[in-house]
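What follows is each chain in one-letter form.
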Amino acid sequence: MKQMTVNGALNWASSFLEAQKAEWEKPAIEWLLRHHLQVSRSQMFMMMHDEVEPEVFAIFCEDVKKYSEGMPVQHLIGYEEFYGRQFKVSRHVLIPRPETEELVVAVLQKKQELFSNSCAVSVLDVGTGSGAIAISLALEDAQVKVAAVDLSAAALQVAKENAVHLGAQVNFEISDLLQTPMNSGQKFDIVVSNPPYIPNGEKATLAVNVREHEPHLALFGGEDGYDLYRRLVRELPLVMNERGLIAFEVGAGQTKEVASMLREAFPHATVERVNDINGKDRIVLCYGDLH
């Protein structure tokens with residue numbers, strides 16, 4: 001029997017997934033094969049006519065079958081790439097999305113505008129999940145002192161492992177939103193959060209890999225999707241320093257409502273709605289005088 005080539009393996013996966021009528025994406029299949037071959041994307045394209053070892057192809061086939069049943073490719077390979085780094089992921093944490101990288105960029109840019117380069121700036125990431133936001137901020141700016149909270153102990157364990165693996169100094173604590181910092185009297189210059197914002201009624205519309213394999217605690221934000229924002233906006237005045245920055249990621253189409261909440265809670269601050277690279281309104285910033 002002739003051995004399968006790299007190109008043949010990709011074609012087999014495509015044909016199999018089409019036959020299964022599965023929800024799938026070509027980049028995910030390429031990523032899965034690259035993972036098993038331990039090569040970069042450019043290396044893989046140079047190897048299209050090379051043969052794949054039978055044992056490697058067998059493992060790839062098993063993973064493609066699991067992928068066809070809805071398991072995210074990130075869970076199959078164990079990580080997601082975010083801000084140029086590999087973050088461990090599991091069923092206990094939301095898989096970091098590319099648009100969340102833009103939230104990190106927005107925080108870093110606004111931090112430069114608001115604070116002197118000579119002073120340390122305290123940052124809190126609320127609902128940290130895998131730790132992607134908190135760890136990226138800590139590694140990108142040596143002047144920020146980062147803390148992160150999450151309601152899920154299992155998620156915090158993943159975040160702690162990522163921080164150790166990537167060499168980031170982040171203080172992790174369990175907390176229902178801002179309850180732990182509030183109870184201990186902590187104050188911050190910057191609070192950033194990507195909370196659950198999908199309305200409960202939209203569960204059936206989600207892709208099976210999201211609906212069946214990612215934690216609902218990190219996905220759903222109540223009947224209208226705004227429950228967590230309402231709570232955060234109520235609690236934020238108790239943990240913010242007088243001058244600072246609040247940065248939220250929201251669902252597309254949600255910036256107007258969240259901006260309105262922030263304007264009401266912080267009437268002296270500037271509130272800004274920011275579109276992502278695809279032109280969707282995804283980020284809300286509130287900064288300046290917060291008291």
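This one's a predicted model, so the numbers in the text were calculated from it and none came from an experiment.

A. Highlighting the overall build of the protein chain. For the protein chain, the count of helices and strands is 12 helices and 9 strands. On C-alpha atoms alone, the protein chain measures out to a radius of gyration of 21 Å, which is about the 19 Å that the 2.2 N^0.38 rule sets for 291 residues. Seen through its principal axes, the protein chain has C-alpha atoms that stretch 75 × 45 × 35 Å. With 291 residues in all, the protein chain has 52% of them scored as buried. Partitioning the intrachain contacts of the protein chain with sequence separation of at least 6 by distance along the chain shows that 68% fall at a separation of at least 24.

B. How the structure looks around helix 7 (residues 132-140). In terms of burial, helix 7 is largely enclosed, as 7 of its 9 residues are buried. Within helix 7, the full set of buried residues consists of Ala132, Ile133, Ala134, Ile135, Ser136, Leu137 and Ala138.

C. A look at the packing of helix 1 (residues 6-19) against helix 4 (residues 54-68). Where helix 1 meets helix 4, the axes come as close as 10 Å, and the angle between the chain directions of the two elements is 25°. For the element pair helix 1 / helix 4, the angle class is roughly parallel. You can see that helix 1 and helix 4 cross each other, and the crossing is right-handed. Contacts between helix 1 and helix 4 pair Ala9, Trp12, Ala13, Phe16 and Leu17 from the former with Phe57, Phe60, Cys61, Val64, Lys65, Tyr67 and Ser68 from the latter. Residues belonging to the contact of helix 1 with helix 4 are distributed by class as follows: 10 nonpolar, 1 polar and 1 charged.

D. Representation of the packing of aromatic side chains within the structure. Here the structure, examined in full by the defined rule, presents 8 aromatic pairs. Relative to Tyr79, the ring of Trp31 has its centre 5.8 Å away and its plane inclined at 80°; by these criteria the two rings are edge-to-face. Here Trp31 is found in helix 2 (residues 26-37), whereas its partner Tyr79 is found in strand 1 (residues 79-82), with 48 residues between them in sequence. The class for Tyr79 is buried, based on a relative accessible area of 14%. Pairing Phe82 with Phe87 gives two aromatic rings, centres 6.0 Å apart and planes at 85°, and the pair type is edge-to-face. Taking relative accessible area as the criterion, Phe87 reaches 0% and is therefore assigned buried. One aromatic cluster in this structure is built from Trp12, Phe16, Phe57 and Phe60. When the ring centre of Tyr287 is taken as origin, the NZ or CZ atom of Lys110, which lies over that ring, is 4.1 Å away.

E. View of the pattern of salt bridges. According to the stated counting rule, one finds 13 salt bridges in the structure shown. Measuring nitrogen to oxygen at the nearest pair gives 3.2 Å for the salt bridge that ties Glu249 to Arg282. Note that Glu249 is positioned in strand 7 (residues 240-249) and Arg282 in strand 9 (residues 281-289), a separation of 33 residues in sequence. Looking at Glu249, the relative accessible area reads 2%, which means it is buried. Look at Arg282 and you get buried, because its relative accessible area is 10%.

F. The arrangement of the domain arrangement of the protein chain in detail. Segmentation of the protein chain into domains returns domain 1 (6-77) and domain 2 (90-289). The C-alpha-based centres of domain 1 and domain 2 are spaced at 33 Å. Contacts between the two partners involve 7 residues from domain 1, matched on the other side by 7 residues from domain 2. Taken over both partners, the interface formed by domain 1 and domain 2 buries close to 630 Å², and the fraction arising from carbon and sulfur atoms is 64%. Seen at the junction of domain 1 and domain 2, the total is 0 salt bridges. Where domain 1 touches domain 2, the interface holds 1 residue pair in polar contact (both at pLDDT 80 or more). Of the residues in the side of domain 1 that touches domain 2, the class split is 2 nonpolar, 3 polar and 2 charged.

G. Structural detail: the sheet that holds strand 6 (residues 188-193). Strand order in the open sheet made by the 7 strands is 5-4-3-6-7-9-8, with mixed pairing throughout. What marks the edges here is a single partner per strand, and that holds for strand 5 (170-174) and strand 8 (269-275). Neighbour to neighbour, the strand axes of the sheet diverge by 15° on average, direction disregarded. Strand direction decides the pairing type here: strand 4 (residues 144-150) and strand 5, joined by 5 bridges, are parallel. Across the sheet, the residue bridging to Ala147 is Asn171, located in strand 5. The strands touched by helix 7 are strand 3 (121-126), strand 4, strand 5 and strand 6; relative to strand 4, the strand with the most contacts, the crossing angle is about 170°. Sitting on the sheet, helix 12 (residues 255-265) touches strand 7, strand 8 and strand 9, and the angle it makes with strand 9 is about 15°.

Rules used throughout
- Throughout this description, residue numbers start from 1 for each chain and increase along the sequence as written.
- Given that this is a predicted model, residues contribute local features only at a pLDDT of at least 70 and side-chain atom pairs are listed and counted only at 80 or more, while totals for whole chains, interfaces and linings are drawn from all residues.
- Only hydrogens and water are removed before side-chain values are computed, so all heavy atoms of the structure are retained for them.
- In DSSP terms, a helix is any run of H or I states spanning at least four residues, a strand is any run of E spanning at least two, and both are numbered starting from the N terminus.
- Only the C-alpha atoms count toward the radius of gyration. The rule for a globule is 2.2 Å times the residue count to the power 0.38.
- Note on classification: 1.4 Å probe, protein chains only; a residue is buried when its accessible area is under 20% of the maximum for its type, exposed when over 50%, partly exposed between these limits.
- Here, two residues are considered to be in contact whenever any of their heavy atoms come within 4.5 Å of each other.
- Between N-to-C directions, angles cover 0 to 180 degrees, with each direction set by a line fitted to C-alpha atoms, over the stretch in contact for helices.
- Oblique is the label for any angle not under 35 degrees, not over 145, and not in the 65 to 115 range, which are roughly parallel, roughly antiparallel and roughly perpendicular in turn.
- What makes a crossing left-handed is the near helix being turned counterclockwise from the far one by less than a right angle; a clockwise turn instead makes it right-handed.
- Each residue is assigned to one class: nonpolar for Ala, Val, Leu, Ile, Met, Phe, Trp, Tyr, Cys and Pro, charged for Asp, Glu, Lys and Arg, and polar for all the others, Gly among them.
- Only centres within 6.5 Å qualify two rings of Phe, Tyr or Trp (six-membered ring in Trp) as a pair; their planes then separate them into stacked at under 30 degrees, edge-to-face at over 60, and tilted for everything else.
- To sit over a ring, a charge needs its Lys NZ or Arg CZ within 6 Å of the ring centre and within 35 degrees of the ring normal.
- Each reported salt bridge corresponds to a side-chain nitrogen of Lys or Arg within 4 Å of a carboxyl oxygen of Asp or Glu.
- The split of the chain into domains comes from an automatic or database domain assignment.
- Accessible area that two parts lose when put together, evaluated with a 1.4 Å probe and summed over both, is termed the buried area.
- Between N or O atoms, a polar contact is any pair within 3.5 Å; within protein, one atom must be a potential hydrogen donor and the other a potential acceptor, and residues adjacent in sequence are included only when both atoms are from side chains.
- Being paired, for any two strands, means DSSP has found at least two bridges between them.

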